[in-house]
Amino acid sequence: MPLKDLLHPSATDEKRTHKLKRLVQSPNSFFMDVRCDNCFNITTVFSHAQTVVVCTGCAMALCQPTGGRTRLTDGCKYRIKRDS
């Protein structure tokens, strides 16, 4: 059984561990820009949203809530917003 390097974990091992047990604590949630497939309008959505998010231009549902992360509707594209 090979020994693990605890000070320099691989990115896959770090992603798999619980958010509070990582070497540097970081949340699993994020904000994202979701583009509507019909009118190409961009809306900012939280990754773990608990309500249905609709497009402001055409009133189409962009995402459905689940127990954890939201499920985007078919055809919607997203981009994760990074810290600025």
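Just so it is clear, the model here is predicted, and its values are computed rather than measured.

Draft legend 1. Spotlight on the overall build of the chain. The secondary structure content of the chain amounts to 1 helix and 6 strands. Starting at the N terminus, the α and β elements of the chain follow one another as α-β-β-β-β-β-β. For 84 residues, the compact-globule estimate of 2.2 N^0.38 gives 12 Å, and the C-alpha radius of gyration of the chain, at 17 Å, exceeds that figure by more than 25%. Here the C-alpha coordinates of the chain stretch approximately 55 × 30 × 20 Å along the principal axes. Split into buried and exposed, the 84 residues of the chain put 19% on the buried side. Taking the intrachain contacts of the chain between residues at least 6 apart in sequence as the baseline, contacts between residues at least 24 apart amount to 24%. Counting every atom, the chain has about 6700 Å² of accessible surface; 56% of that belongs to carbon and sulfur.

Draft legend 2. Broad picture of unusual backbone geometry. In the Ramachandran plot, Phe40 falls in the positive-phi region, its phi being about 60 degrees despite a non-glycine side chain. Tracing the sequence through the fold places Phe40 in the loop between strand S1 (31-35) and strand S2 (42-46). For Phe40, a relative accessible area of 52% gives the class exposed. Unusually for a residue other than glycine, Ala59 sits at a positive phi of about 60 degrees. Along the chain, Ala59 turns up in the loop between strand S3 (53-54) and strand S4 (61-64). Under the relative-accessibility criterion, Ala59 is labelled exposed at 60%.

Draft legend 3. Representation of the sheet that holds S1 in the model. Spatially, the 3 strands line up as an open sheet ordered S2-S1-S6, and their pairing is antiparallel. Only two strands of the sheet have a single partner each, and these edge strands are S2 and strand S6 (77-80). Here the average twist between neighbouring strands, direction ignored, is 30 degrees. For S1 and S6, the ladder comprises 4 bridges, and the chain directions are antiparallel. Directly across from Asp33, in S6, lies its bridge partner Arg79.

Rules of the game
- Residues numbered from 1 in each chain as written.
- Predicted model: local features only at pLDDT ≥ 70, side-chain atom pairs only at ≥ 80, totals over all residues.
- Heavy atoms only, no water.
- Helix = DSSP H or I, 4+ residues; strand = E, 2+ residues; numbered from the N terminus.
- Rg over C-alpha atoms; globule rule 2.2 N^0.38 Å.
- Buried < 20%, exposed > 50% of the residue type's maximum accessible area, 1.4 Å probe, protein only.
- Contact = heavy atoms within 4.5 Å.
- Areas by Shrake-Rupley, 256 points an atom, 1.4 Å probe, with all protein chains shown as cover.
- Pairing = 2+ DSSP bridges.
- Axes fitted to C-alpha atoms, helices over the stretch in contact; angles between N-to-C directions.

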